[in-house]
Amino acid sequence: MNEQNHTVSYTDTLGTVMSTVTRIITIITSALVATVAVSLLVSSIMIGVITYISVLERRKEIGILRAMGASKHNISQIFNAETFITGLLSGSMGVVLGYLFLLPMNQLLHRYTGIQDIRAFCLQNMQSV
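Sequence order as written defines the numbering, with residues in each chain counted from 1. Predicted model: local features are reported for residues with pLDDT of at least 70 only, side-chain atom pairs are reported and counted for 80 or more only, and whole-chain, interface and lining totals are derived from all residues. Note: side-chain values were computed over all heavy atoms of the structure, leaving out hydrogens and water.

### Some thoughts on the overall build of the protein chain
For step 1, the next point in the chain: Each helix is a run of DSSP H or I of at least 4 residues and each strand a run of E of at least 2, with the numbering of both proceeding from the N terminus. Across its full length, the protein chain holds 3 helices and 0 strands.
For step 2, the next point in the chain: Of the regular secondary structure in the protein chain, the N- to C-terminal order runs α-α-α.
For step 3, the next point in the chain: Counting every position in the protein chain, which comprises 129 residues, the buried fraction comes to 8%.
For step 4, the next point in the chain: Whether two residues are in contact is decided by their heavy atoms: any pair within 4.5 Å suffices. Counting only contacts in the protein chain whose residues sit at least 6 apart along the sequence, the fraction spanning at least 24 positions is 26%.
For step 5, the next point in the chain: Approximately 10,900 Å² of the protein chain is accessible, and the part contributed by carbon and sulfur atoms is 70%. Exposed residues in this analysis have more than 50% of their type's maximum accessible area, buried residues have under 20%, and partly exposed residues fall in between, with area computed by a 1.4 Å probe over protein chains only. Note on areas: these come from Shrake-Rupley sampling with a 1.4 Å probe, and a residue is covered only by the protein chains present in the view.

Here you go:
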């Protein structure tokens, strides 16, 4: 009967530790999601500022286009296309850099923690974790 008490105590302690770890991971995940959301908001605002500055600096070009018969809609399409390309390139660059940093981050995690099972991963590799 004494052995059963130790087993129950160990299981309860393990359950408490696991629930605490799960809660900490949830908090960290929420903080990272909030950071990403703020980052996306700031980058969207910056793309808008860059587009606005581009319009201000190219007023002569806009005037020439208007004199040649371009409508306001056509000029708006030019700036919208430039903004779309800027956003697409910056987003693609972020994804590519993120994938490139996975390998060095895994090496750092392994070196400093000494645990080979810990690794940064992308969504495609979730099945292997």
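Having seen it, we continue.
### Some remarks on helix α3 (residues 72-113)
For step 1, the next point in the chain: To estimate how far a helix should reach, multiply one less than its number of residues by 1.5 Å. Its 42 residues give α3 an end-to-end C-alpha distance of 59 Å, which sits within 8% of 62 Å, the value for a rise of 1.5 Å per residue.
For step 2, the next point in the chain: Here the bend at each residue means the angle between axes fitted to two seven-residue stretches, the one ending at that residue and the one beginning there. At L102, α3 is deflected by roughly 30 degrees, the largest bend along its length, and proline P104 occurs up to four residues later in sequence.
For step 3, the next point in the chain: Here α3 has its buried residues at I75, F79, L102, N106 and H110.

### Observations concerning the confidence of the model for the protein chain
For step 1, the next point in the chain: Residues at a pLDDT of 70 or more form 82% of the protein chain, whose mean pLDDT is 83.
For step 2, the next point in the chain: Note: pLDDT gives the predictor's confidence per residue, expressed from 0 to 100. Ranking the elements of the protein chain by mean pLDDT puts helix α1 (residues 2-57) last, at 83, and helix α2 (residues 59-67) first, at 93.
For step 3, the next point in the chain: Every residue in residues 125-129 scores below 50 in pLDDT, and together they form 4 contacts with partners more than four places removed in sequence or on other chains.

### Description of the environment of Q116
For step 1, the next point in the chain: For Q116, the position within the fold is in the segment after α3.
For step 2, the next point in the chain: Accessibility expressed as a relative area gives 52% for Q116, which makes it exposed.
For step 3, the next point in the chain: Once the C-alpha coordinates of Q116 and N106 are considered, the two residues, 10 residues apart in sequence, prove to be 8.9 Å apart.

### Some points on the pattern of salt bridges
For step 1, the next point in the chain: A side-chain nitrogen of Lys or Arg and a carboxyl oxygen of Asp or Glu constitute a salt bridge if their distance falls within 4 Å. Using the criterion set out here, one finds 2 salt bridges in the structure.
For step 2, the next point in the chain: With a shortest N-O distance of 3.1 Å, E61 and R58 are connected by a salt bridge.
For step 3, the next point in the chain: Where R58 meets E82, a salt bridge forms, and the shortest distance between an N and an O atom there is 2.9 Å. Of the two residues, R58 is situated in the loop between α1 and α2 and E82 in helix α3; the sequence distance between them amounts to 24 residues.
For step 4, the next point in the chain: Three or more residues are tied together by salt bridges with common partners; here these are R58, E61 and E82.

### Quick look at a nonpolar patch on the surface
For step 1, the next point in the chain: Residues enter a patch when their relative accessible area is above 30% and they make no salt bridge; the linking distance is 9 Å between like charges and 5 Å between nonpolar side chains (Val, Leu, Ile, Met, Phe, Trp, Tyr). A cluster of nonpolar residues, V38, L41, V42, I45, M46, V49, Y52, I53 and L56, forms a patch on the protein surface that exposes about 830 Å² of accessible area.
For step 2, the next point in the chain: Of note, M46 is situated in helix α1.
For step 3, the next point in the chain: A residue is classified by how much of its surface remains accessible, and M46, at 43% relative accessible area, is partly exposed.

### Section: the packing of α2 against α3
For step 1, the next point in the chain: Lines fitted to C-alpha atoms define the axes, with helix axes restricted to the stretch in contact, and inter-axis angles between N-to-C directions lie between 0 and 180 degrees. One way to put it is that α2 packs onto α3 with a least axis distance of 10 Å and a crossing angle of 140 degrees. With respect to α3, the element α2 is oriented oblique. Crossing of α2 over α3 shows right-handed handedness. Residues I62, L65 and R66 of α2 form the contact with α3, whose participating residues are K72, I75, I78 and F79.
For step 2, the next point in the chain: Class assignment of the residues belonging to the contact of α2 with α3 gives a composition of 5 nonpolar, no polar and 2 charged. Orientation labels follow simple angle bins: below 35 degrees gives roughly parallel, above 145 gives roughly antiparallel, 65 to 115 gives roughly perpendicular, and whatever is left gives oblique. For a crossing to be left-handed, the near helix must be turned anticlockwise from the far one by less than a right angle; the clockwise case is right-handed. Throughout, the ten residues Ala, Val, Leu, Ile, Met, Phe, Trp, Tyr, Cys and Pro are labelled nonpolar, Asp, Glu, Lys and Arg are labelled charged, and all others, Gly among them, are labelled polar.

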